[in-house]
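Residue-level listing of the chains:
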Amino acid sequence: MIIMAVLFISAGFMFLVYPQSTTGVTDQQIKERRSAARWIGATLIVMSCFFLTMGTVQLLDQSSHYIGH
């Protein structure tokens, strides 16, 4: 679970620092690509943090369930 989250977070950072090639592209296309790459990167990072949080809550719930019985 942690390895998958690390992979998703690293992929998100790669999208955030996405290198822009400017050969044969208009300024509008560059802006659209940057915007899309930022959204994809931010979404991957947030979803990975949510994934880790929900996994931690589930582990805590399982451990507290065993203590109560």
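Placed above this text is the structure.
Residues numbered from 1 in each chain as written. Predicted model: local features only at pLDDT ≥ 70, side-chain atom pairs only at ≥ 80, totals over all residues. Heavy atoms only, no water.

**Details of the overall build of the protein chain**
No. 1: Tallying secondary structure elements over the protein chain gives two helices and zero strands in all.
No. 2: Here the protein chain holds 69 residues, and 13% of them are scored as buried.
No. 3: Residue pairs in contact within the protein chain that sit at least 24 positions apart in sequence constitute 66% of those at least 6 positions apart.
No. 4: Accessible surface for the protein chain amounts to roughly 5700 Å². Of this, 70% is attributable to carbon and sulfur atoms. (Helix = DSSP H or I, 4+ residues; strand = E, 2+ residues; numbered from the N terminus. Buried < 20%, exposed > 50% of the residue type's maximum accessible area, 1.4 Å probe, protein only. Contact = heavy atoms within 4.5 Å. Areas by Shrake-Rupley, 256 points an atom, 1.4 Å probe, with all protein chains shown as cover.)

**So, the environment of Gly55**
No. 1: Here Gly55 lies in helix α2 (residues 27–68).
No. 2: For the pair formed by Gly55 and Met1, sequence separation is 54 residues and the distance between their alpha carbons is 8.1 Å.

**Structural notes on a nonpolar patch on the surface**
No. 1: Judged by side-chain polarity, Met1, Ile2, Ile3, Met4, Val6, Leu7, Phe8, Phe51 and Leu59 come together as a nonpolar surface patch covering roughly 910 Å² of accessible area.
No. 2: Elements supplying a minimum of two residues to the nonpolar patch: α1 (2–16) and α2.
No. 3: A per-element tally of the nonpolar patch places α1 first, with six residues.
No. 4: Relative to the helices and strands, Phe51 resides in helix α2. (Patch = residues over 30% accessible without salt bridge, like charges linked within 9 Å, V, L, I, M, F, W, Y side chains within 5 Å. Salt bridge = Lys/Arg side-chain N within 4 Å of Asp/Glu carboxyl O.)

**Here's the deal with the environment of Ile40**
No. 1: Its place among the elements puts Ile40 in helix α2.
No. 2: Separated by 25 residues in the primary sequence, Ile40 and Phe15 place their C-alpha atoms 6.7 Å from one another.

**Thoughts on the side chain of Ser48**
No. 1: By the element assignment, Ser48 lies in helix α2.
No. 2: For Ser48, a relative accessible area of 1% gives the class buried.
No. 3: If sequence neighbours within four positions are ignored, Ser48 has contacts with Ala5, Phe8 and Ile9.

**A short note on the environment of Met1**
No. 1: For Met1, the location among the structural elements is in the segment before α1.
No. 2: Not counting the four nearest positions on each side in its chain, Met1 is found in contact with Phe51 and Gly55.

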